[in-house]
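Notes for the structure review
For reference, the chains in residue letters:
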Amino acid sequence: MSAEIVGLTAAQAAARVRAGELSASELFDAYLERAAAEDLNAFLWLAEEAPDPPADAPLGGVPLAVKDLFCVEDVPSAAGSRILEGYRPPYTATAVRNLRDAGATLLGKTNQDEFAMGSSNENSGYGPVHNPWDRERVPGGSSGGSAAAVAAGLAPWAIGTDTGGSIRQPAALCGIVGLKPTYGAVSRYGMISFASSLDQCGPLTRDVTDAALLLRHMVGRDRCDSTSLEFPEEVVQPSAERLAGMRFGVPPELSGEGIEPGVREVFESAVKTIEGLGGSLEEVSLPHSPHGIAAYYVIAPAEASANLARYDGVRYGPRTGDSDLTAMYEQTRHDGFGPEVRRRIMLGTYALSSGYYEAYYGRAQRVRTKIAEDFKAAFERVDLIVTPTSPTVAFKLGERTEDPLAMYMSDYCTVPMPLAGIPAISIPAGLSQRLPVGIQLAGPAFSENRILDSAYALEQAIGFEGVPVG
Amino acid sequence: MIDREQVLHVARLARLRLTEEEVERMSGELSTILDHIEKIGELDLEEVEPTSHVVQVENVLRADEPRPSWARERMLGESPDATAVGFRVPSPGAG
Amino acid sequence: MTTGAPTREYEPIIGLEMHVQLKTRTKMFCGCELSFGDEPNTHTCPVCLGHPGSLPVVNVRAVEYGLMIALALRCDIAPRSIFHRKNYFYPDLPKGYQISQYDIPLARGGRLGDVRIHRVHLEEDAAKLVHAGESGRIHGSEASIVDFNRGGTPLVEIVTEPDIRSPEEAAEFGRLLQATMRRMGVSDVNMEEGSLRADANVSIRPVGEASFGTKTELKNMNSWTFLRRGIQAELERQEEIVRSGGEVVQETLHFDPQAGTLSPLRSKEEAHDYRYFPEPDLVPLAPTEEMLERAGAAIPELPGERAQRFERDLGLPEETARVLAHRFELGDFYERAVSAGDGAANPKTLANWVRNELVPRLGDAEPEQWKVEPAALARLVALVGEKAVSQSAAKEVLDTLVSEGGDPQAIVDAKGLGRAGADELAEVVERALAENADAVEKIKAGQDKAIGAIVGAVMRETKGRADGGEVQRLIRQRLG
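Since we're looking at a predicted model, the values are computed, not measured.

Turning next to the environment of Pro 347 of chain C. All names here are of chain C. Tracing the sequence through the fold places Pro 347 in helix H8 (residues 347-362). Separated by 174 residues in sequence, Pro 347 and Phe 173 have C-alpha atoms that sit 26 Å apart. With near-sequence residues (within four places) excluded, Pro 347 lies in contact with Leu 314, Leu 316, Tyr 334 and Val 338.

Here it is as structure tokens:
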């Protein structure tokens, strides 16, 4: 019975709850039991019981896994960091509030790379997460816990955040769907900040239909976030069966060398599927995208260095030094932040420091403008851009931890989109070495409906058998 | 590249205490990363405006209407060192 | 001290940097109420405490007040300005950065009086650090308590060009700026309470030279008198250094008004590398026509303009015009008195009465507590002009008007303060001449000053109800 319940997608479960065929608490308990017994270290906190959802709610009591960096009132929210150990926020993130208002119930908080800095979930202050496809491998990051939980059937769906690929890449490595919305589409209020001009909240789900359903209830302008925007249309259920009339662009810079052969094979097969569905394909260059990593690894750490300055042991979190003011800051921050976070704070501080601003931050923001212009030009010729999501399949735990730059480089297919503020989805497209491979569809700002529709058609045609539940 | 002195200076700006070993490691790692980043120095970006804001809106303003503040106890309760009325810190200039 | 060496003249170069706390209802970036003197940490929220995930949202009234200030100071308003993060660590700065404006501020290039304004921008105030005292120590070291009530209060920073050339000019400019802010109602501008804070940048240079010397910064002087004295002390200090061949070092100083000494302030931040970058959580400000119009319409006649109008239209001397215009309740009182008088009271005389007689009698009383009516003062001054009451008797009447209010004529009648009549006066003069024979002799002998004794006697006798000039005239007449 329980296995059948957890086999339902979120949309299917919501429909059953609304039809009275399934009780919300039964649904919740089924997942809670599985989550409590997990061995992936995907969860950092589990709810004890489900609160009653509002009657007739569209998300009908379907439990939701929430990345640790979303503030939930009185629930431990540490962004995967020891510097916020024990912190229980006095307020709830707008995105979470919106979803709860729509009927989703909080199942638990998921593990993540500390402050969303990482591509493998090995940078968590609370231990790494394991990929359910192969427990010796990483699930990807930084939303590794959310991705692993959904992939392993520990939660029907989850939300995460994407700054340089942190929803899409773990989705690809875990064989599930992950969407990064247009910048500004979802409120960032209550989302513990990494890089303010890049961070966006998005869904991680088993299929495209669930992603659309979750996104629909997340978007909208929020008075508490000055950078949030009204979504210009309703997010609808995708239904496309074919892709006739859709033009797809393949950028050589993001699909050529550097992509490992197994991934390339799956990608090319997916491209053929697109053609088979009636989509047209052409090569479209994004000439500045090879500089995306460089620009990203200046801008994101720079903003992060300022966003993380508030972690000082004064108002929340632990304090580990107090002999004098300087010791308080330095010891607390040294003990509370992991090595990757410290590395990025150093990088960001350096890039903004006197004498270096123009050379680094100033230039990076100009590269960003060029990348955005590249996309704009591309979208005059095609409707969507398609690339592999990650150049490799899930790598082994510990394989890249000694080489930060190698770890950064693996983001090169996903960083251009947040730099331009545009939306992109990753859907599973096949296996390589028995590990999932994701492909990415990106579109202009607010083209989520079109992206979801095309992704849906592709998903149906590919028929990926995923989710090694159990 | 970034040498030891610069690493120490940046660490001080960022209030990060680094062990000797960390300083050395950081110096090497940051140098490698900066090497890659410096590639953007090759581009001709003379006429390009920097993207200082991603969303193209202006004048997002809030009405000057008060709403209740949070309870003092609740906020002080999160602090590792607070009295009944405030957050306690080592005095600047002391110690 | 070297002798024989040519002494150069040095001129002061002074600029002021002022922080004005805006009198909005809520903070700059969140809906917490502003407060002063309330229980610590009772006006906070996740935003102004810098909690993880919190975001700022700009207060529309703070922008309006900022625009009013910029317009009043005749600045060029930036068509688009942005916020920047100013990064440094200090316990009164919860986010580890202050949201301020940097190279694209709200307004630039204005003027107030004789001083040019360099820039005007918006930012948030820091919290307050209080010495812990009884709250104890941490491991034996001193501790401080942070009170975040003030943190996030909207501030406008006003920076002048270094156009000021004396400590007195600095204080005067400060007072004019303060009066202007107060007149607009955008701030309490109370220096003791901290709603106006003034720092001075001071340097000297040899007269005739165009380049600037090294400047020092004097911080947190909380009265114009202290500001004046502090700048004076610093100018002297710098001059002494330069004359003895030394070089002025750039530093931040604190002036102790009690001791009259200057001492270096421990710097708050490391090496002043603020690593400014555009605030990604906020969007630009682009004041619309409507916003500018509304701000402009909200500006009443400003003290500087009013002073000029008093000079021009009412013929008041500059000094008097300024005094009356800079305290606007006084200016209001004066103008009502002028119009109540129907021209019977001379505006210049009225101005002198307000400034020299009324002001000292009012003391610190708030305008709501003033019992004297403008029309009453006008009537009194008219009576003096008609010679119905003498100057000194009128002052007595004014005492009563200030303490009890009422009508001057009624008070004159009640107290018998009316002008001494001609008959009465002649009688008294006779008696005085008779009683002061030796003074009379002196006068006849040519010592004119001796008349004073007789005038004095008459004044005493009439209890000041005689006009001194008239008395003199009568005496001389009598003596031939």
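Structure's up, so let's keep going.
Contacts between the two partners involve 40 residues from chain A, matched on the other side by 33 residues from chain C. With both sides pooled, the region where chain A packs onto chain C buries about 2,900 Å², and carbon together with sulfur makes up 59% of that total. The largest contributions to the chain A side of the interface with chain C come from Ser 226, Arg 310 and Arg 315 of chain A, which together make up 21% of the buried area. The tally of links from chain A across to chain C stands at one salt bridge. The residue Asp 281 of chain C makes a salt bridge to Arg 188 of chain A at a minimum N-O spacing of 2.9 Å. At the junction of chain A with chain C, the criterion picks out 19 residue pairs in polar contact (both at pLDDT 80 or more). When contributions to the side of chain A that touches chain C are tallied by element, the ones reaching two or more residues are helix H9 (292-307), helix H10 (325-336) and helix H11 (339-352) of chain A.

All names here are of chain A. Once the domains are mapped, chain A shows domain 1 (2-245 + 382-462) and domain 2 (289-365). On a C-alpha basis, the centres of domain 1 and domain 2 stand 26 Å from each other. The interface is formed by 28 residues belonging to domain 1 together with 25 residues belonging to domain 2. Between domain 1 and domain 2 the total buried area reaches about 2,400 Å² when both faces are included, carbon and sulfur atoms providing 69% of it. Its largest share of buried area at the contact with domain 2, domain 1 owes to Ile 83, Met 117 and Tyr 408, together 31% of the area lost on that side. If you look at where domain 1 meets domain 2, you find zero salt bridges. At the level of secondary structure, the elements contributing two or more residues to the side of domain 1 that touches domain 2 comprise helix H13 (404-409) and helix H14 (416-420). Ranked by residues supplied to the side of domain 1 that touches domain 2, first place goes to H13 with three residues. Here the side of domain 1 that touches domain 2 is built from residues that sort into 16 nonpolar, eight polar and four charged.

This part takes up the pattern of salt bridges. Inspection of the entire model under this criterion finds 66 salt bridges over all chains. Between Asp 383 of chain A and Arg 450 of chain A there is a salt bridge, with the nearest N and O atoms lying 3.5 Å from each other. Of this pair, Asp 383 of chain A sits in the loop between helix H12 (358-378) and strand E9 (384-388) while Arg 450 of chain A sits in helix H15 (residues 448-462), and the two are 67 residues apart along the sequence. Its relative accessible area of 11% is what places Asp 383 of chain A among the buried residues. One salt bridge connects Arg 85 of chain C with Asp 281 of chain C, and the closest N-O pair in it is separated by 3.1 Å. Of the two residues, Arg 85 of chain C sits in strand E4 (residues 84-87) while Asp 281 of chain C sits in the loop between strand E16 (277-278) and helix H4 (289-297), which places them 196 residues apart along the sequence.

On to the pairing of strand E7 (residues 115-124) of chain C. All names here are of chain C. In terms of residue burial, E7 counts as a mostly covered element, since eight of its ten residues are buried. Across five bridges, the pairing between strand E6 (residues 107-112) and E7 is antiparallel. By the bridge assignment, Arg 108 is partnered in E7 with Arg 119. The hairpin turn running from E6 into E7, its antiparallel successor, is two residues long, and Gly 113 in that turn takes a positive phi close to 65°. Examined bridge by bridge, E7 and strand E11 (residues 154-160) share seven bridges and lie antiparallel to one another. Bridging across to E11, Leu 122 finds its partner in Val 156.

A separate point is the sheet that holds E4 of chain C. Residues and elements named next belong to chain C. Pairing is antiparallel across the open sheet formed by three strands, whose spatial order is E5-E4-E16. If you trace the sheet from one side to the other, it starts and ends with strand E5 (97-100) and E16, each paired once. Examined bridge by bridge, E4 and E5 share four bridges and lie antiparallel to one another. Looking at E5, one finds that Asn 87 is bridged to Tyr 97.

The description of two aromatic rings rests on the distance between their centres and on the angle between their planes. Taken as a whole and assessed by the stated rule, the structure comprises 24 aromatic pairs over all chains. A centroid spacing of 4.9 Å and a plane angle of 45° characterise the contact between Phe 115 of chain A and Tyr 311 of chain A, whose relative ring orientation is tilted. Of this pair, Phe 115 of chain A sits in the loop between strand E3 (105-110) and helix H5 (144-151) while Tyr 311 of chain A sits in the loop between H9 and H10, and the two are 196 residues apart along the sequence. The aromatic ring of Tyr 274 of chain C is capped on one face by Lys 86 of chain C, whose charged end is 4.4 Å from the ring centroid.

Moving on, we get to the packing of H11 of chain A against helix H1 (residues 4-13) of chain B. Two elements in contact, H11 of chain A and H1 of chain B, have axes separated by 9 Å at closest approach and are oriented at 95°. What the angle tells us is that H11 of chain A and H1 of chain B run roughly perpendicular. Between H11 of chain A and H1 of chain B, the contacting residues are Met 346, Thr 349 and Tyr 350 of chain A on the first element and Gln 6, Val 7, Val 10, Ala 11 and Leu 13 of chain B on the second.

The next thing to look at is the domain arrangement of chain C. Residues and elements named next belong to chain C. On domain assignment, one finds that chain C holds domain 1 (10-297), domain 2 (303-415) and domain 3 (422-479). Computed over C-alpha atoms, the centres of domain 1 and domain 2 are 38 Å apart. Contacts between the two partners involve seven residues from domain 1 and, on the opposite side, seven residues from domain 2. Carbon and sulfur atoms supply 66% of the area buried between domain 1 and domain 2, which totals about 630 Å² over both sides. Viewed at the interface, domain 2 and domain 1 are joined by one salt bridge.

This part is about the layout of surface pockets. Residue and element names in this part refer to chain C. Put simply, the second largest pocket is a space of about 760 Å³. Along its surface, the second largest pocket is lined by 19 residues, and Gln 178, Arg 182, His 326, Arg 327 and Glu 329 are the ones closest to its centre. Counting only elements with at least two residues in the lining of the second largest pocket, the list comes to helix H2 (167-184), helix H6 (318-326) and helix H7 (328-340). No other element matches H2, which puts five residues into the lining of the second largest pocket. Broken down by class, the residue content of the lining of the second largest pocket amounts to six nonpolar, three polar and ten charged. Both domains that meet at the lining of the second largest pocket, namely domain 1 (10-297) and domain 2 (303-415), each give it at least three residues.

Calculation rules
- Residues numbered from 1 in each chain as written.
- Chains lettered and ligands numbered in written order.
- Predicted model: local features only at pLDDT ≥ 70, side-chain atom pairs only at ≥ 80, totals over all residues.
- Heavy atoms only, no water.
- Helix = DSSP H or I, 4+ residues; strand = E, 2+ residues; numbered from the N terminus.
- Contact = heavy atoms within 4.5 Å.
- Buried area = accessible area lost by both parts, 1.4 Å probe.
- Salt bridge = Lys/Arg side-chain N within 4 Å of Asp/Glu carboxyl O.
- Polar contact = N/O pair within 3.5 Å; in protein donor to acceptor, adjacent residues only side chain to side chain.
- Domains from an automatic or database assignment.
- Nonpolar A, V, L, I, M, F, W, Y, C, P; charged D, E, K, R; others polar.
- Buried < 20%, exposed > 50% of the residue type's maximum accessible area, 1.4 Å probe, protein only.
- Pairing = 2+ DSSP bridges.
- Phe/Tyr/Trp six-rings, centres within 6.5 Å; stacked < 30°, edge-to-face > 60°.
- Lys NZ or Arg CZ within 6 Å of the ring centre and 35° of its normal.
- Axes fitted to C-alpha atoms, helices over the stretch in contact; angles between N-to-C directions.
- Parallel < 35°, antiparallel > 145°, perpendicular 65-115°, else oblique.
- 1 Å grid on protein atoms, 1.4 Å probe; cavity = no way out; pocket = protein on both sides within 12 Å on 5 of 7 lines; lining within 4 Å.
- Points joined across faces, edges and corners; volume = space filled by probe spheres on them.

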